Each structure stands twice: as C-alpha cells, then as structure tokens.
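Overview (structure and organization)
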Amino acid sequence: IFMHGSDGMTYNNVRYARKLASLGYIVIAPDSMAGGEFRHRDLAGHIPAHQPTPYWDDLGLYSSQSEGVYAQDTKPEEVVKNPECYRKLYENVFRMRSAEMHWILGRLPLQMKLRGVFTMGQSEGAMTVARFDDRRYGAMIRGRIIAAFSVEYCYFTPTREAAEFGGSEEVATLNIMGDADQYF
C-alpha cells in the first residue's frame, strides 16, 4: 500500500509506485486528492498506454492545484509563524489518511492478507505510515518503508508521543531520508 505525499500522486510518488510495480509488486495507491471531502484536485483524465510519460517530471494526473480545508502548500516560514495551526492540520490529515489505510487493509482479498503486505509512504504519506497503528493486522503487515519523513517531533506531529512509531515494533522498517530535505 503506497501513501502519496501532500500534493498527490506526483513526482517521486509516481516513480516509487512504478518502480515497485516493475519489480512485480501489486501497488495500491489511494489518491486522497481524487474527490476527497476535505481536499481535492481535478483529475486530468485517462493517459493512453501509447502516450509517453515523463520519468523525472510530473506525470500530469491533475489539472488543478489542491483545494479544500486540508489542502496546503507548506512554506517553512508559515510553519514557524504558526506551528499550532500546522500541527492541527496534519493531525486531521493523519486521521483521514489512516482511515484510507484501514479501509484498504480491511478489504484486501484473503490471499493478499495471508501473503502479507508492505506499507510505504512519501512525505505526508510517510508520516501516516510511521504513525499508523498497524498492530490489529498482526503478521499481515510484513514491513514499512518511510521516505522523506524523519519520524520526529515537528509540524507533522501534534505531540512528542505522536512523533513515535504508531505500529508494531516487530515490523521491519526502512526510513529513507536525504541530507538536503528542506522540510526535515
């Protein structure tokens, strides 16, 4: 299950999903921008199989910017000015994105539940994967990959306790962080 960042299925999010699929994994990537109640982006439409798509650029899945009460364009100077506003926003986003994960995990085919799944997220999606309480799913969760989120107390987390892993300590976890990430 792949959880995109705060701008939807763009850039690295698409590259990760494509790479995993090319390695033979089934990738389920819920798009919380596609008609959500609290934020959305207009979809650009179907991309025909014969149409070339960029690898390093945005794929062009959307025809609008993000709109809605949970839409954000995180600017570090705004976070510094009003950290509580961003903590509240991201706590609401976390609840919404966690509900997406529970919905998917609860509806997987039996064969997938028996074989197990990995969860992965990029940036905001990584925050969700890191904080997500996966213990109710037991051995079905085989691992988690967190990309571009440092799992620390910051504007993505409302409290210091929320900045810790929310799931089972027995689940193998890989955290991918760059040393030039402007947000973490």
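Relevant structure appears above.
Scope of this entry: the structure provided in the associated data block. (Residues numbered from 1 in each chain as written. Predicted model: local features only at pLDDT ≥ 70, side-chain atom pairs only at ≥ 80, totals over all residues. Heavy atoms only, no water.)

A closer look at the nonpolar core
Where we set the bar: Think of a nonpolar core as a cluster: buried Ala, Val, Leu, Ile, Met, Phe, Trp, Tyr and Cys residues, connected wherever their side-chain atoms sit within 4.5 Å. With a 1.4 Å probe rolled over the protein chains alone, any residue whose accessible area is under 20% of its type maximum counts as buried; one over 50% counts as exposed, and the rest are partly exposed. Per the convention used, a helix needs a DSSP run of H or I reaching at least four residues, while a strand needs a run of E reaching at least two, with both numbered from the N terminus. Contact between two residues is taken to exist if any of their heavy atoms lie within 4.5 Å; hydrogens are not considered.
Counting 30 residues, the largest nonpolar core has Tyr 90, Leu 105, Ile 146, Phe 149 and Phe 156 as its most contacted members. With nine residues, the single largest contributor to this core is helix α3 (residues 83–106). If we ignore the near neighbours within four places in the chain, the residues touching Leu 105 are Ile 1, Lys 113, Val 117, Phe 132, Tyr 137, Met 140 and Ile 141. Grouped together as the second largest cluster of nonpolar side chains are 10 residues, Val 14, Tyr 62, Met 120 and Ala 147 included.

Remarks on the side chain of Arg 97
When you line up the elements, Arg 97 lands in helix α3. For Arg 97, the residues in contact, after removing those within four places along its chain, are Met 3, His 4, Gly 5, Ser 32, Arg 39, Glu 124, Gly 125 and Thr 128.

With respect to the side chain of Arg 144
Condition: We call two N or O atoms a polar contact when they sit within 3.5 Å, provided that within protein one can donate a hydrogen and the other can accept it, with sequence-adjacent residues counted only if both atoms are side-chain atoms.
Along the chain, the position of Arg 144 falls in strand β3 (residues 141–147). Reaching out from Arg 144, the side chain makes a polar contact with the side chain of Asp 134 at a distance of 2.9 Å. Beyond its immediate stretch of four places on either side in the chain, Arg 144 contacts Phe 118, Thr 119, Val 129, Asp 134, Phe 165, Gly 167, Ser 168, Val 171, Ala 172, Thr 173 and Leu 174.

Brief notes about the packing of aromatic side chains
Here is the rule: Within 6.5 Å between ring centres, the rings of Phe, Tyr and Trp (the latter by its six-membered ring) count as paired, and their orientation is classed by plane angle as stacked under 30 degrees, edge-to-face over 60, tilted in between. Only Lys NZ and Arg CZ are tested; either one counts as a charge over a ring when it is within 6 Å of the ring centre and within 35 degrees of the ring normal.
Inspection of every chain in the model, using the stated rule, returns eight aromatic pairs. Between the aromatic rings of Tyr 86 and Tyr 155, the centroid separation amounts to 6.3 Å while the plane-to-plane angle is 90°, which identifies the pairing as edge-to-face. One end of the pair, Tyr 86, is in helix α3; the other, Tyr 155, is in the loop between β3 and β4 (172–176), and 69 residues separate them in sequence. Owing to a relative accessible area of 10%, Tyr 155 belongs among the buried residues under this scheme. An angle of 15° between the planes, with centres 6.3 Å apart, marks the rings of Phe 132 and Tyr 137 as stacked. Of the two residues examined, Phe 132 and Tyr 137, each falls in the buried class. Positioned above the aromatic ring of Tyr 55, the side-chain terminus of Arg 15 is 5.7 Å from the ring centre.

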